[in-house]
Amino acid sequence: MKMRIAKFIARSGACSRREAEELIKQGRITINGDIVKEPAVNVDGSEKILIDGEKLPETQSTRLWLYHKPTGLVTSHKDEKNRPTVFDNLPHGLPRVISVGRLDLNSEGLLLLTNNGELSRKLELPSNGWVRRYKVRVFGNVSSEKLLLLQKGVIIDGVEYGSIKAEIETRQGANTWLLVTLTEGKNREIRKVMKYLGLEVSRLIRLSYGPFQLGSLKKGDVKEIPQKVLKEQLGKKFEL
């Protein structure tokens, strides 16, 4: 079965679909010796496809891991500021993996990793309706009435944010722990909406992403989802 070149590359685990499209723009991908000039090219795998002159990894069965990201790591394969990255600090023995979405430098908690770039793209889509849950510590004057404003969605600097459910868990002096639930996960979304409410986020921990939970996984540790569980959770909704 033929598919778009960027999708085929993503399925190999070489990079994400978005990254593959960028490599095409840069003229770094060839098919049978010819430079690919646009992403609207279909392939079936019989072609000789190279990235920077190197063969694609052999397509493997789709795998998914839970990773407890600590603070201080950038969710990127390369960082222009030479900061430590998630991928430089993963345990040995993992194949090349791609993250499902990101957690910023100062955020921690559950990060999903996969060897299938196309699956990564699909799991990131807000249209899936997958709930992401966070435990968030904020500084400032917190009230339930103020948090209720987020359930209707807000517009900040021209960017529209969908419904967010935020509940007070505990108070510790001027600090308050919140349980925050959302489905979009836009760039720094929680930090921006809390600032909009006059609150400063001092700690942000992702507890779950869809059906997958952080649980008791220790910082820096990785746990693979068994194939049976993966197929039960994703098989009917996503192609594996």
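Cut-offs applied
Residues numbered from 1 in each chain as written. Predicted model: local features only at pLDDT ≥ 70, side-chain atom pairs only at ≥ 80, totals over all residues. Heavy atoms only, no water. Pairing = 2+ DSSP bridges. Helix = DSSP H or I, 4+ residues; strand = E, 2+ residues; numbered from the N terminus. Buried < 20%, exposed > 50% of the residue type's maximum accessible area, 1.4 Å probe, protein only. Contact = heavy atoms within 4.5 Å. Core = buried A, V, L, I, M, F, W, Y, C linked by side-chain atoms within 4.5 Å. Axes fitted to C-alpha atoms, helices over the stretch in contact; angles between N-to-C directions. Parallel < 35°, antiparallel > 145°, perpendicular 65-115°, else oblique. Left-handed = near helix turned anticlockwise from the far one by under 90°. Nonpolar A, V, L, I, M, F, W, Y, C, P; charged D, E, K, R; others polar. Phe/Tyr/Trp six-rings, centres within 6.5 Å; stacked < 30°, edge-to-face > 60°.

Q: Account for the sheet that holds strand β5 (residues 49-51), naming residues and giving values.
A: The four strands are arranged β3-β2-β5-β6 in an open sheet whose pairing can be described as antiparallel. The open sheet terminates on both sides in strands that have one partner only, identified here as β3 (34-35) and β6 (54-55). Relative to β5, strand β2 (residues 29-31) runs antiparallel, the two sharing three bridges. Looking at β5, one finds that Ile-29 is bridged to Ile-51.

Q: Could you give an account of the environment of Val-43, naming the residues involved and the relevant values?
A: Following the sequence through the fold, Val-43 ends up in strand β4 (residues 42-43). Overall, the relative accessible area of 1% leaves Val-43 in the buried class. Taking C-alpha positions, Val-43 is 7.4 Å from Phe-8, a pair spaced 35 residues apart along the chain. Contact partners of Val-43, with chain neighbours within four places excluded, come to Met-1, Lys-2, Met-3, Ile-5, Phe-8, Ile-31 and Ile-49.

Q: Outline the pairing of strand β13 (residues 165-172), listing residues and values.
A: In the sheet, β13 pairs with strand β14 (residues 175-182) via seven bridges, with the strands oriented antiparallel. The residue bridging Gln-172 from the neighbouring strand is Asn-175, located in β14.

Q: Outline the nonpolar core, supporting the account with residue identities and numerical values.
A: With 31 residues, the main nonpolar core has Val-180 and Met-194 as its most contacted residues. Aside from chain neighbours lying at most four places away, what touches Met-194 is Val-138, Leu-150, Ala-166, Leu-178, Val-180, Leu-199 and Val-201.

Q: Pulling in residues and values, what's your account of the packing of helix α1 (residues 5-12) against helix α2 (residues 17-25)?
A: Axis separation between α1 and α2 bottoms out at 8 Å; the angle between their running directions is 125°. Between α1 and α2, the angle falls in the class oblique. In terms of crossing hand, the pair formed by α1 and α2 is right-handed. From α1, Ile-5, Ala-6, Lys-7, Ile-9 and Ala-10 reach across to α2, where they touch Arg-17, Ala-20, Glu-21 and Ile-24. Taken together, the residues of the contact of α1 with α2 break down into six nonpolar, no polar and three charged.

Q: An account of the environment of Glu-19 is requested, with residue identities and associated values reported.
A: For Glu-19, the position within the fold is in helix α2. Since its relative accessible area comes to 33%, Glu-19 is described here as partly exposed.

Q: Describe unusual backbone geometry, and please don't skip the residues or the numbers.
A: Its identity is not glycine, yet Asn-32 carries a phi of approximately 50°, on the positive side. Note on placement: Asn-32 falls in the loop between β2 and β3. Among the residues examined, Asn-32 registers a relative accessible area of 51% and is labelled exposed. Residue Asp-157 is not a glycine yet carries a positive backbone phi of 50°. Locating Asp-157 in the fold gives a position in the loop between β11 (154-156) and β12 (159-161).

Q: Quick rundown of the packing of aromatic side chains? Include the residues and the values.
A: Evaluated as defined, the whole model comprises two aromatic pairs. Consider the rings of Trp-130 and Phe-212, whose centres lie 6.1 Å apart with planes at 65°: the pair is edge-to-face. One end of the pair, Trp-130, is in the loop between α3 (117-124) and β10 (132-139); the other, Phe-212, is in strand β16 (residues 212-213), and 82 residues separate them in sequence. Per residue, the accessibility class of Trp-130 equals that of Phe-212, and both read buried.

Q: If you had to explain helix α5 (residues 189-196) to someone new, which residues and values would you point to?
A: Listed as buried for α5 are Glu-189, Ile-190, Arg-191, Val-193 and Met-194. Elements that come into contact with the buried residues of α5 comprise β10, β11, β12, β13, β14 and β15 (200-209). Taken from the residues just after α5, Gly-198 is the one with a positive phi, measuring 85°.

Coordinates in, geometry out; function isn't part of it.
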